[in-house]
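So the chains spell out like this:
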Amino acid sequence: EGIEVEKTIESILNTSLNTDILLIDDDSDDGYDYESLMEKYPVYYLRNKERKGVAESRNIGVAHSVTPYCLLLDAHMRFYEQRWETELIKYLDEFPESIICSKTVVIHKNEDGTYENEDGKKRSTGLGATINLDWNKERCFRHAWSYDNTRNKPHENLMEIPCVLGAAYAFRKDWWNKIRGLDGLIVYG
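Residues numbered from 1 in each chain as written. Predicted model: local features only at pLDDT ≥ 70, side-chain atom pairs only at ≥ 80, totals over all residues. Heavy atoms only, no water.

Brief notes about the environment of Tyr69
- Mapped onto the fold, Tyr69 is located in strand E3 (residues 69–73).
- On a C-alpha basis, the gap between Tyr69 and Leu92 in space is 8.2 Å, while along the polypeptide they are 23 residues apart.
- Those residues in contact with Tyr69, other than ones at most four positions away along the chain, are Ile89, Leu92, Asp93, Phe171, Arg172 and Lys173.
- Within the structure, the side chain of Tyr69 is placed 2.5 Å from the side chain of Asp93, a separation counted as a polar contact. (Helix = DSSP H or I, 4+ residues; strand = E, 2+ residues; numbered from the N terminus. Contact = heavy atoms within 4.5 Å. Polar contact = N/O pair within 3.5 Å; in protein donor to acceptor, adjacent residues only side chain to side chain.)

Spelled out as structure tokens, the structure:
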């Protein structure tokens, strides 16, 4: 996704403290010099020698992670709250057997290369989701869609869904390894 990767890195660095960033290049052939981002920013860079796909690339990233928490991102994400990682870690410690999908807002690329929300304004509302894979409960994989925080307080009424959604989701690495991450997933998306 070219320059979008750099904008995402900048967004992470501008809104969080002490966050490790691992960039996985799935044998990209778009001509963008992703490796140069290592010289410009404090990121770790891995390039697959052959295309492995999104699922396997994400599993590779988690395997190379040295922290107890992971946040998997698409290359075109932005962060708007300072210290977002502290809330995320607190939530993952409270619910260690969860995969948390971020609340997101839709942005569109304009002809001049700038971005805006679908209504042309910065929005504070969006969609989010969570899944609790507690194998001991009958409710495992029961689905429901996410909440709109204009109607509910944040962190209330989070609803379980039957799959991992979105372009950004977080989890504890020990839980990811226990459920075997995305092992065996042939097609992602």
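Topic: the pairing of E3
- Burial along E3 is one-sided: Cys70 and Leu72 are buried, and none of Tyr69, Leu71 and Leu73, which face the opposite way, are.
- Relative to strand E8 (residues 168–172), E3 runs antiparallel, the two sharing five bridges. Following the sheet pairing, Leu71 is matched in E8 by Ala170. (Buried < 20%, exposed > 50% of the residue type's maximum accessible area, 1.4 Å probe, protein only. Pairing = 2+ DSSP bridges.)

Focus on the nonpolar core
- Val5, Ile9, Ile12, Ile21, Leu23, Tyr34, Leu37, Tyr41, Val43, Tyr45, Phe79 and Trp84 together form the largest nonpolar core, which totals twelve residues.
- Looking at this core, the elements that each hand over two or more residues are helix H1 (3–15), strand E1 (21–25) and strand E2 (43–47).
- Ignoring sequence-local partners within four residues, the contact set of Ile12 consists of Thr19, Ile21, Leu73, Phe79 and Trp84.
- Core analysis: the next-biggest nonpolar cluster, separate from the first, contains eleven residues, Leu72, Tyr169, Trp176 and Ile179 among them. (Core = buried A, V, L, I, M, F, W, Y, C linked by side-chain atoms within 4.5 Å.)

Regarding H1
- An ideal rise of 1.5 Å per residue puts 18 Å on 13 residues; H1 measures up with 19 Å between its terminal C-alpha atoms.
- Within H1, burial applies to Glu4, Val5, Glu6, Thr8, Ile9, Ser11, Ile12 and Thr15. (Expected span 1.5 Å × (residues − 1).)

Brief notes about the pattern of salt bridges
- A full pass over the atoms with the stated rule returns eleven salt bridges.
- We note a salt bridge from Asp25 to Arg47, for which the minimum N-O separation is 2.8 Å. Linking Asp25 in strand E1 with Arg47 in strand E2, this pair joins segments that are 22 residues apart in sequence.
- In this structure, Glu97 and Lys178 form a salt bridge, with 3.6 Å as the shortest nitrogen-oxygen distance. One end of the pair, Glu97, is in the loop between helix H4 (84–94) and strand E4 (98–104); the other, Lys178, is in helix H5 (residues 173–178), and 81 residues separate them in sequence.
- Overall, Lys178 belongs to the exposed group, its relative accessible area being 56%.
- Overlapping salt bridges, with partners in common, bring together Asp25, Asp27 and Arg47 in one network. (Salt bridge = Lys/Arg side-chain N within 4 Å of Asp/Glu carboxyl O.)

Quick notes on the side chain of Lys173
- Mapped onto the elements of the fold, Lys173 is located in helix H5.
- One buried charge, Lys173, has no salt-bridge partner; the nearest side chain with opposite charge is Asp174, at 10.0 Å.
- Among all residues touching Lys173, those that are not within four sequence positions of it are Val62, Ala63, Ser65, Thr67, Pro68, Tyr69 and Cys70. (Lys, Arg positive; Asp, Glu negative; His and termini not counted.)

That's the geometry; what it means functionally is another story.
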